[in-house]
Amino acid sequence: MARILLTGITGVIGGALAEELLARGNKIIALGRSKDGVPFLERLLHDQSEIIREASKSGMIVPLEGDMRKEYCGLSNKIIADLQTKVDAGFNCAADIHFFGPDVYNTNVEGTVNFLELAEIIGKPAHLASTAYVCGTAATFWELDLEEGEPRNDYERSKRDGEKYALAFWRKTQLPVSIYRMPIVVGSSEDGAIRNPSTGYLGFFLAFHVTRKNTEKMLLDPEKAKHLRSSEGLDGIKINEAGIITLPFSIQCSTYPLNLAPIDWVVTMMADLFEYKSPTGIATFNITNPAYNAPRVDDVINMSLEIMGFDGIRVGNVGPPENLTGIAKIFFRQLKRVLTVFRPYIEKGTEVFVSEQAKQALVSLGKTWVDPPPFDENTFRILLQYAEEHNFGQEKK
């Protein structure tokens, strides 16, 4: 049994990883902070995960109030001294996953610095969750690459800077450091469950979820409903008796593989690789979906839109929609904001992530790399059904 100091337990990666580590018999010291006046312990006791709630009651998860944004994560000298004998390793999963904004750097870079300095003072190996997109525009990306390509947003830039600091930290201290580069993480392959169904893949389709809600609201107006039900539609927008919505829109995207992987596969790989001890003291793992196994961008969008009940949207190497008027123009203006944010991921060409270090590390542990489950229409149906049932993470009013 390992005793692991874990940050980010209330997040997508940290929460799922905590469950996996607990299932393997490990004990977790969860570092987190109060939020909206609610102490960290109370947050854990009311966490959405029954596993985390019960482990917090039984003592398999021990809460530790702190703050990643402060020196040594805001811990006192006494607590730090205790950690030297009560922790075997640290795993930083705390992250700000917004693409833009000043807080992204504070959490993803300054937080990494504070975590590593804490790891140094307690003298324990450090494990860091990162992203496979630290090399942004690079077409082919090996695990030793860090200077290839250019970051395309604040998130990618902050993760790259965090990794740069981690490498410099390892060279200076020789404290073991392992870096885990994440794909675009989606919900569980079994039931679609994910802590935040409004980010990544689901964040893109949240915009269409909102579009459906707004279209259905217009049906409450008899005059608008009459036009929406007609063959011409309302400014080109139609809805039939089966609830299928026709939109005169287009989405420019590539036909290349999209690096999606389910959360259960990701944390299984992380927990397996956590056991690896690099002979050099430094290891970087691309935990990514191989191009031959990953779904194509245009297929992801087409299948997902069909499952969500949309028709008429042109997808692929297409131009912008033409001659939009009225409501259609307003709806597309709202969608365009989302398309702009996600453009680097849906329009990018060749994208190959090489995972040789991860595969070799697994072999040394007597394990084998297993590709993520393949994505098909049923996979996306499961993911989107979970998101719909949870209103895409939006508060119900």
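Residues numbered from 1 in each chain as written. Predicted model: local features only at pLDDT ≥ 70, side-chain atom pairs only at ≥ 80, totals over all residues. Heavy atoms only, no water.

(A) Region of the structure containing unusual backbone geometry. Even without a glycine there, the phi angle at Asp235 is positive, about 55°. Along the polypeptide, Asp235 turns up in the loop between α8 (222–229) and β9 (238–239). Even without being glycine, Phe392 reaches a positive phi, approximately 55°. Inspection of the secondary structure puts Phe392 in the segment after α13 (377–389). (Helix = DSSP H or I, 4+ residues; strand = E, 2+ residues; numbered from the N terminus.)

(B) Geometry of the packing of aromatic side chains. Throughout the structure, instances matching the rule amount to 20 aromatic pairs. Consider the rings of Phe141 and Phe353, whose centres lie 6.2 Å apart with planes at 70°: the pair is edge-to-face. Placement of the pair is Phe141 in strand β6 (residues 140–141) and Phe353 in strand β16 (residues 352–353), with a sequence separation of 212 residues. Here Phe141 falls in the buried class, since its relative accessible area comes to 2%. (Phe/Tyr/Trp six-rings, centres within 6.5 Å; stacked < 30°, edge-to-face > 60°. Buried < 20%, exposed > 50% of the residue type's maximum accessible area, 1.4 Å probe, protein only.)

(C) Quick look at the sheet that holds β9. Strand order in this open sheet of 3 strands is β9-β10-β14, and the pairing throughout is mixed. Only two strands of the sheet have a single neighbouring strand rather than two, namely β9 and β14 (310–311). Relative to β14, strand β10 (residues 245–246) runs parallel, the two being bridged by 2 bridges. By the bridge assignment for β14, Thr246 is matched with Asp311. (Pairing = 2+ DSSP bridges.)

(D) Focus on the sheet that holds strand β2 (residues 27–32). The strand order β3-β2-β1-β4-β5-β7-β13 describes an open sheet built from 7 strands, whose pairing is parallel. A single partner strand is all that each edge strand has here, and the edge strands are β3 (61–65) and β13 (282–286). Adjacent strand axes in the sheet meet at a mean angle of 20°, parallel and antiparallel pairs treated alike. Here strand β1 (residues 3–7) runs beside strand β4 (residues 89–92); their pairing, made up of 4 bridges, is parallel. Considered in β4, the bridge of Thr7 is made with Asn92. (Axes fitted to C-alpha atoms, helices over the stretch in contact; angles between N-to-C directions.)

(E) Summary view of the packing of helix α4 (residues 77–86) against helix α5 (residues 102–122). At a minimum axis separation of 9 Å, α4 and α5 run at an interaxial angle of 65°. Classified by the angle their axes make, α4 and α5 are roughly perpendicular. In terms of crossing hand, the pair formed by α4 and α5 is right-handed. Within the contact between the two elements, α4 uses Ile80, Leu83 and Gln84 and α5 uses Leu118, Ile121 and Ile122. (Parallel < 35°, antiparallel > 145°, perpendicular 65-115°, else oblique. Left-handed = near helix turned anticlockwise from the far one by under 90°. Contact = heavy atoms within 4.5 Å.)

(F) Here's a closer look at the nonpolar core. Counting 102 residues, the largest nonpolar core has Tyr201, Phe205, Phe208, Ile251 and Met270 as the members making the most contacts within it. Formed by 25 residues, the second largest nonpolar core is a distinct cluster that contains Leu5, Phe115, Ala126 and Leu175. (Core = buried A, V, L, I, M, F, W, Y, C linked by side-chain atoms within 4.5 Å.)

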